[in-house]
Amino acid sequence: MSEKAITRALLSVSDKSGLAELGAALAARGVELVSTGGTAKALRDAGLAVKDVSELTGFPEMMDGRVKTLHPTVHGGLLALRDNPEHVAAMEAHGIGAIDLVVVNLYPFEATVAKGASREEVIENIDIGGPSMVRSAAKNHGFVTILTDPADYPTLIAEMEANGGATTQAFRTRMAGKAYARTAAYDSAIASWFAFSPAASDEPTLFPETLPLAFKRADTLRYGENPHQSAAIYVPQVSGTAGVPQATQLQGKELSYNNLNDADAALELAAEFAGQEPAVVIVKHANPCGVAQGGSLLSAWEAALACDSVSAFGGIVAVNTELDAATAEAISAIFTEVVIAPSVSAEAREIFAKKKNLRLLECGALPNPRRGGLALKTIAGGVLIQSRDNGAIAEADLKVVTKRAPTSQELKDCLFAWTVARHVKSNAIVYAKDGATAGIGAGQMNRRDSARIAAIKAKEAAETYGWAAPRTVGSAVASDAFFPFADGLLAAAEAGATAVIQPGGSIRDDEVIAAADEAGLAMVFTGMRHFRH
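Below or above, wherever it landed, is the structure these notes cover. (Residues numbered from 1 in each chain as written. Predicted model: local features only at pLDDT ≥ 70, side-chain atom pairs only at ≥ 80, totals over all residues. Heavy atoms only, no water.)

**Quick look at the nonpolar core**
Applicable threshold: Throughout this description, the term nonpolar core refers to a set of buried Ala, Val, Leu, Ile, Met, Phe, Trp, Tyr and Cys residues connected via side-chain atoms within 4.5 Å. Partly exposed residues are those whose accessible area sits between 20% and 50% of the maximum for their type, while under 20% is buried and over 50% is exposed, using a 1.4 Å probe and protein chains only. Each helix is a run of DSSP H or I of at least 4 residues and each strand a run of E of at least 2, with the numbering of both proceeding from the N terminus. Any two residues having at least one pair of non-hydrogen atoms within 4.5 Å are treated as being in contact.
Core analysis: the largest hydrophobic core is formed by 49 residues, its most contacted members being Leu 11, Leu 26 and Ile 146. It is helix H10 (residues 169-196) that provides the largest number of residues to this core, a total of 8 residues. When near neighbours in sequence (up to four residues on either side) are disregarded, Ile 146 contacts Val 102, Val 134, Ala 137, Ala 138, Met 175, Ala 176 and Ala 179. Counting 47 residues, the second-largest nonpolar core is a separate cluster that includes Val 338, Ala 417, Ala 421 and Ala 428.

Given below as structure tokens:
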């Protein structure tokens, strides 16, 4: 039979939630409870009879609780094969009693790191005895049941009720797999801490020889990028970064894989404007299609939408400040998949509530666009890893390379266009004027085509809104990488741009600068590129 009765349980938990209820349910079935330290106290406080582990081992807990369960009496009771005569004889010879159930959750290492604790406190929260018991019990899951998650307590009780106080092999196997996943993630979090948060006297390691990664599934998704693909979202075991996974969904349908990806792109760009004038970002397929700042959030929305109202249909909207009623009303006028904001006013919530399918997210703090970290991309046979693109330039970093220097307004538009361009897929060209994008060209195989496509979109916008001229006229244009030939720059000049911001560094820089001078353009080099693939 695969069912194994539970007559003795060892409980040692850091998270005491659900402990009293579990202990009472086990005791009601005649299960002997063995425990340690604070867990034993919590069970006794609940009126339950508990045997201390020290009664089994003959040794007291010592060294501030560092040594309590690391003993043959404990691990022999966990690892012994009950159907092996030699194991049974050894148990009898050494007075080792079988342990049928282990309930352990580990010291809160991840939470301790996340709260910014001292190195000494972090080290004290590296559990040793807990993982050892978990691994022993999980290895012997043919006979022993292991639980590492309080969410599984009710499932255990239901399992025992259905099987006369026993657990099935299928249940024990499932719990063993979950236990090993927990210890693997736990060890990975510890290894990550050592790798990326070394002692102050050590050199930081960006790319350790073995890269430990620990992620916990936050949710399964309906499907992936396409309906035939499966998908889920995972979050880091240790993370202090705010983002879309940490946002509160106030209304709307379940977020899809594409929703999450696009919302992240929108939020990351909106975060560039944290603490500045109200800003609105509209994203479609992970590319910005309209970005603007204004004296009010509503005026920023109107300017962002005007950049490309066609692409905005079914898009994602992110803002850098509280979303108010007037802006909510305007956004509701078109079909929008997701809206994300640091906060949403009560009036705005009421307006969006009329759009039942619209997903409304409140993210609280915006992510820090200058934060460190790693970016991962899977390829066939491996993983590409690089540091996040958190580079930034300021006005003082710019080098004027043309005869004419940009005016103060051109310089402001250059910096705005550059901020947006770093979030546009390469090859990226962004025209901007008066704090709003005028045209965006993304993801083309050559820079000239990106410049032309962005200009075409600007012309279409002018026709839609009845403007006398496209907003590219008198605009600044940003290129995420250098112009390898003058043709892309000349295409921007034909669209009416008067100022250019680009990294520079091409072997044909002199040719491009000469073309800019001939066209009367002002051009600045950043010395930094922002490819985004």
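**Details of the layout of surface pockets**
Taking a probe equal in size to a water molecule and rolling it over the atoms shows the remaining empty space. Put simply, the test is: Points on a 1 Å grid over protein atoms alone make up a cavity when a 1.4 Å probe fits among them but cannot get out, and a pocket when they form an open set with protein on both sides within 12 Å along at least five of seven lines; lining residues each have an atom within 4 Å of a point. Grid points are joined across faces, edges and corners, and a volume is the space filled by probe spheres set on the points. Any residue that is not Ala, Val, Leu, Ile, Met, Phe, Trp, Tyr, Cys, Pro, Asp, Glu, Lys or Arg is counted as polar, Gly included; the first ten are nonpolar and the last four charged.
Taken as a whole, the second largest pocket encloses approximately 690 Å³ of empty space. The wall of the second largest pocket is formed by 19 residues, among which Asp 149, Lys 178, Arg 182, Lys 216 and Gln 237 lie closest to the centre. Considering every element that reaches the lining of the second largest pocket, the biggest residue donor is H10, with 4 residues. Counted by class, the lining of the second largest pocket contains 8 nonpolar, 4 polar and 7 charged residues.

**Digging into helix H17 (residues 447-465)**
Put simply, the rule is: Expected span of a helix, by definition, is 1.5 Å for each gap between consecutive residues, and there is one gap fewer than residues. Note: the arc covers the axis-to-C-beta directions of the helix. In protein, a polar contact requires one atom able to donate a hydrogen and another able to accept it; more generally it is a pair of N or O atoms within 3.5 Å, and residues adjacent in sequence count only if both atoms are side-chain atoms.
An ideal rise of 1.5 Å per residue puts 27 Å on 19 residues; H17 measures up with 27 Å between its terminal C-alpha atoms. Within the span of H17, buried status applies to Arg 447, Ser 450, Ala 451, Ala 454, Ala 455, Ala 458, Ala 461 and Ala 462. Around the axis of H17, the buried residues are gathered within 130 degrees of arc, so they sit on the same side. Residues Lys 459, Glu 463 and Thr 464 are exposed on H17 and point more than 90 degrees away from its buried face. On its buried side, H17 packs onto helix H12 (297-307), strand E19 (429-433), strand E20 (436-441), strand E21 (476-479) and helix H18 (486-494). Among the residues of H17, the N-terminal cap falls to Asn 446, whose side-chain oxygen and the backbone nitrogen of Arg 448 are separated by 3.2 Å. Following H17 by one or two positions, Gly 466 adopts a phi angle in the positive range, close to 70 degrees.

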